[in-house]
Amino acid sequence: MTNTRDIWNSRAARNAAIAIFAALALLRVVRAFTLGPNSDEAQHLHVVWAWTQGLVVYRDVFDNHTPLFHVLCAPLLAWLGERADIIAWMRLAMIPLYFGALYATWRIGRAIGSPRVGLCAALLVGSTQAFFDVSTQFRPDDLWMLFWLGATAVAVQGRPTNRRALAAGVLVGAAFATSAKTSLLVSTALLAGVAVLALDPRERGARLRALAMPLLWGVIGALVVPVVVALYFVVQGAWREALYCIFEHNLVRGLGRWQSGGARFWLFPFGYALALAVALHFRKRSEPARWRAASWVLLSAIGYLLALHSYWPLFTRQDMLPVLPLLALMPAALFTGGSGGWRSWRVLAVGAVLAVFLGSLVAQALAPSNRLRHAERDLAQILALTRPGEYVMDAKGESIFRPRPFYWVLEGVTEARMRNGSIRDDLGERLAATSTALLVDDRIPARDRAFVEANYVPVGHRLRVAGQRFGPLDAGQAVDFRIEVAGDYRFIDRNGDMAGTFDGRRVEGAVSIDAGEHRFVPDVAADVALVRASVFERGLAPSSVFAPEAQDERPASCPQPHGSPPPE
């Protein structure tokens, strides 16, 4: 039988591991420019942009996430500047977080098993498609994952000391300042700690006394970053808005899985009981300190996974990022024989699994995403047709570098609140008040659909410009129309500007139009439209206004909401 230690200590094995990590680094760079965009990425980038503009998030710009990730990314976005391919470039900043998470995974595996367990777990999770792709996206969950894994790694490196507990606590607090979902992680980690104490009666009293002061220092450390963040918003006069956006806004009766209970609610108690039984089975077969550390890590991860599926209202793939590396420790221990030696069949199994995973990553990375190209094209058009400071209406911040006229982000939680009436839908009023020229036609609430179609003309993929299309008119044929979004407009036909009589006076070119009823009489027969002058002057082609495909595009609307004012 082949000696595992010889295999592990061989130069070939070390070179293979280095080669895999190098390949993963290269694939991360390639994938940043080929992975299709997620709407969350533009939303987070818009919030980062708001910080670069000196705006106070929550007060001036809506966001329902904790702020640390966005604040830390603001200098990089400011340096890169306004560009249509910003999503791909900001994804590159996620690469150090990904490798930091893999390093923390190795440290955890080394502490509770062996260096081979840690390395195998890092390789397995790092090459898993779901983990690889989600952590490629520009999102706070990448930093959240790193902070939580870092805190776990610090906690299991040795016996509990005040210093170690303080460091782990600071990382937990940073994780909470990055994502409020840390509350679920902390809850399941505390539950796992209680479970380990209950399962192992050996010197329980002494261990409890030894944990008392470290726990206190851990709590103190966990408060550091959140307190600093809270003080900032208090000083800015935005504390109430921050509390609403981070906590209250996300708690909606009947949201997602909270609409029904059923058998899913029993998944946690039954699944956790099974995990406890497995942990108890291995207690007598393991060294006590290592068993306690391993049981705490794995019960924390399993508990989080079960609670997420049983009780969390909205489940997304990014919710799994902090625990997938911890769960990977279990197959890693199986493949490497735990703290013992490698077996040849296990080496072959690890190699086969990694070959399949890496092959899948290569295939996906080399497949270019039309969706990413389309998103970049749409953003390039928006940036070309508007200037900094001009409003663009979109669902979640897809225009990134432009302010939104509507405070609320149009996503699942907001839509639920619009339906139950706890958020007032004043989208039409805001479009009119800000004289918004461009609108991205996505997730428009049903009650606002008529307003949008009456006051915005489709000019391409989901994009609308303020104006109206009158259709074919004969020379001297009057058309009466109503404008709700005041501003400078141009009457155009398929060739460009057209002359005529507007409200009794001659016009040819830009004309200021107030909200209300108006009349236009063309000089010649033509297919006539009215579009915002600034957008037309910046390169909007008349053909895009009159293109049949622009008229046929009608995205789905959100359900009909009922209104009441937002928090002041």
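Keep in mind that this is a model prediction, so the values were computed, not measured.

Procedures and definitions
- Residues numbered from 1 in each chain as written.
- Predicted model: local features only at pLDDT ≥ 70, side-chain atom pairs only at ≥ 80, totals over all residues.
- Heavy atoms only, no water.
- Helix = DSSP H or I, 4+ residues; strand = E, 2+ residues; numbered from the N terminus.
- Contact = heavy atoms within 4.5 Å.
- Phe/Tyr/Trp six-rings, centres within 6.5 Å; stacked < 30°, edge-to-face > 60°.
- Buried < 20%, exposed > 50% of the residue type's maximum accessible area, 1.4 Å probe, protein only.
- Lys NZ or Arg CZ within 6 Å of the ring centre and 35° of its normal.
- Pairing = 2+ DSSP bridges.
- Patch = residues over 30% accessible without salt bridge, like charges linked within 9 Å, V, L, I, M, F, W, Y side chains within 5 Å.
- Areas by Shrake-Rupley, 256 points an atom, 1.4 Å probe, with all protein chains shown as cover.
- Salt bridge = Lys/Arg side-chain N within 4 Å of Asp/Glu carboxyl O.
- Polar contact = N/O pair within 3.5 Å; in protein donor to acceptor, adjacent residues only side chain to side chain.
- 1 Å grid on protein atoms, 1.4 Å probe; cavity = no way out; pocket = protein on both sides within 12 Å on 5 of 7 lines; lining within 4 Å.
- Points joined across faces, edges and corners; volume = space filled by probe spheres on them.
- Nonpolar A, V, L, I, M, F, W, Y, C, P; charged D, E, K, R; others polar.
- Axes fitted to C-alpha atoms, helices over the stretch in contact; angles between N-to-C directions.
- pLDDT = per-residue confidence, 0-100.
- Parallel < 35°, antiparallel > 145°, perpendicular 65-115°, else oblique.
- Left-handed = near helix turned anticlockwise from the far one by under 90°.

> Explain the environment of Leu-76 to me, and be specific about the residues and the numbers.
In this structure, Leu-76 sits in helix 4 (residues 68-80). Counting along the chain gives 24 residues from Leu-76 to Thr-52, while the straight-line C-alpha distance between them is 9.6 Å. Setting aside residues no more than four positions away along its own chain, Leu-76 makes contact with Met-90 and Ala-93.

> Which residues make up the packing of aromatic side chains, and what are the values?
Two measures describe an aromatic ring pair: the distance that separates the ring centres and the angle between the ring planes. Applying the stated rule across the entire model yields 24 aromatic pairs. For the pair Phe-33 and Trp-89, a centre-to-centre distance of 5.4 Å together with 90° between the ring planes defines the contact as edge-to-face. Remark: Trp-89 occurs in helix 5 (residues 86-91) and Phe-33 occurs in the loop between helix 2 (11-32) and helix 3 (39-52); sequence separation between them is 56 residues. Residue Phe-33 is classed as partly exposed on the basis of its relative accessible area of 26%. Overall, Trp-89 belongs to the partly exposed group, its relative accessible area being 33%. Here Arg-532 stacks its cationic end above the ring of Tyr-489, 5.0 Å away from the centre of that ring.

> Give a detailed account of the pairing of strand 5 (residues 479-483), specifying residues and quantitative values.
Because side chains alternate across strand 5, one face comprises the buried residues Val-479, Phe-481 and Ile-483, and the other comprises Asp-480 and Arg-482, none of which is buried. Where strand 5 lies against strand 11 (residues 516-522), 5 bridges are found, and the strand directions are antiparallel. Bridging from a neighbouring strand, Asp-480 pairs with Arg-519 of strand 11.

> An account of a nonpolar patch on the surface is requested, with residue identities and associated values reported.
A cluster of nonpolar side chains, namely Leu-166, Met-213, Leu-216, Trp-217 and Ile-220, defines an oily patch on the protein surface of about 410 Å² accessible area. Broken down by element, the nonpolar patch gets its largest block of residues, 4 residues, from helix 12 (residues 204-235). Topologically, Met-213 is positioned in helix 12. Judged by its relative accessible area of 43%, Met-213 is partly exposed.

> Which residues make up the side chain of Thr-436, and what values go with them?
Note that Thr-436 resides in the loop between helix 21 (427-434) and strand 2 (438-440). Looking at Thr-436, the relative accessible area reads 1%, which means it is buried. There is a polar contact of 2.7 Å between the side chain of Thr-436 and the side chain of Thr-434. When neighbours within four sequence positions are excluded, Thr-436 is seen to be in contact with Tyr-391, Val-392, Met-393, Pro-405, Leu-431, Tyr-456, Ala-466, Val-485 and Arg-532.

> Could you give an account of the pairing of strand 6 (residues 487-493), naming the residues involved and the relevant values?
Where burial is concerned, most of strand 6 is hidden: 6 out of the 7 residues are buried. Note that strand 6 and strand 10 (residues 510-513) share 4 bridges and pair antiparallel. In the sheet register, Asp-488 faces strand 10, and the bridge partner there is Ser-512. Of the pairings in the sheet, the one linking strand 6 to strand 12 (residues 526-532) comprises 4 bridges and is antiparallel in character. Across the sheet, the residue bridging to Ile-492 is Ala-529, located in strand 12. Pairing of strand 6 with strand 7 (residues 496-497) involves 2 bridges; the strand directions are antiparallel. The residue of strand 7 that forms the bridge with Asp-493 is Gly-496. The antiparallel pairing of strand 6 with strand 7 creates a hairpin that spans 2 residues between the two strands.

> Lay out the layout of surface pockets with the relevant residues and their values.
The space that makes up the largest pocket amounts to roughly 1,600 Å³. Ala-155, Pro-160, Leu-211, Leu-215 and Trp-296 are, among the 48 residues lining the largest pocket, the residues nearest its centre. Elements that contribute at least two residues to the lining of the largest pocket include exactly helix 9 (140-155), helix 10 (162-178), helix 11 (182-199), helix 12 and helix 15 (288-311). Sorting elements by how many residues they give to the lining of the largest pocket places helix 12 first, with 12 residues. Classifying every residue of the lining of the largest pocket by side-chain character gives 30 nonpolar, 10 polar and 8 charged. A volume near 920 Å³ is recorded for the second largest pocket. No other element matches the 3 residues that helix 3 contributes to the lining of the second largest pocket. Taken together, the residues of the lining of the second largest pocket break down into 14 nonpolar, 14 polar and 9 charged.

> Quick one: what's the story with the sheet that holds strand 8 (residues 500-502), residue by residue and with numbers?
Pairing is antiparallel in the open sheet, where 4 strands are placed in the order 5-11-8-9. Each end of this open sheet is capped by a strand with a single partner; those strands are strand 5 and strand 9 (505-507). Each strand axis lies, on average, 35° off the axis of its neighbour in the sheet, ignoring direction. When strand 8 meets strand 9, the two strands line up antiparallel, connected through 3 bridges. Across the sheet, the residue bridging to Gly-500 is Val-507, located in strand 9.

> An account of the confidence of the model for the protein is requested, with residue identities and associated values reported.
Averaged over all residues, the pLDDT of the protein is 89; the fraction at 70 or higher stands at 91%. Confidence drops under pLDDT 50 across residues 551-568; counting only partners more than four residues distant or on other chains, this segment forms 55 contacts.

> Tell me about the pattern of salt bridges, residues and numbers included.
Per the counting criterion, the structure on display carries 31 salt bridges. Linking Arg-447 and Asp-425 is a salt bridge whose minimum nitrogen-to-oxygen distance equals 3.9 Å. One end of the pair, Arg-447, is in helix 22 (residues 446-455); the other, Asp-425, is in the loop between helix 20 (412-420) and helix 21, with 22 residues separating them in the sequence. Two residues, Arg-469 and Asp-527, come together in a salt bridge whose shortest N-O distance is 2.7 Å. Of this pair, Arg-469 sits in strand 4 (residues 463-473) while Asp-527 sits in strand 12, and the two are 58 residues apart along the sequence. Residue classification places Arg-469 among the partly exposed residues on the basis of a relative accessible area of 30%. Under the relative-accessibility criterion, Asp-527 is labelled buried at 12%. A network of salt bridges, in which partner residues are shared, links Asp-40, Arg-139, Asp-141, Lys-181, Asp-319 and Lys-396.

> A description of the packing of helix 11 against helix 14 (residues 267-283) should follow, citing residues and the corresponding values.
Look at helix 11 against helix 14: their axes get within 11 Å of each other, and the N-to-C directions meet at 45°. Relative to helix 14, the element helix 11 lies oblique. Every pair of crossing elements has a handedness; the one defined by helix 11 and helix 14 is right-handed. Taken together, the residues of helix 14 that come into contact with helix 11 (itself represented by Leu-191, Ala-192, Ala-195 and Leu-199) are Phe-268, Tyr-272, Leu-276, Ala-279, Leu-280 and Arg-283. In the contact of helix 11 with helix 14, the residues fall into 9 nonpolar, no polar and 1 charged.

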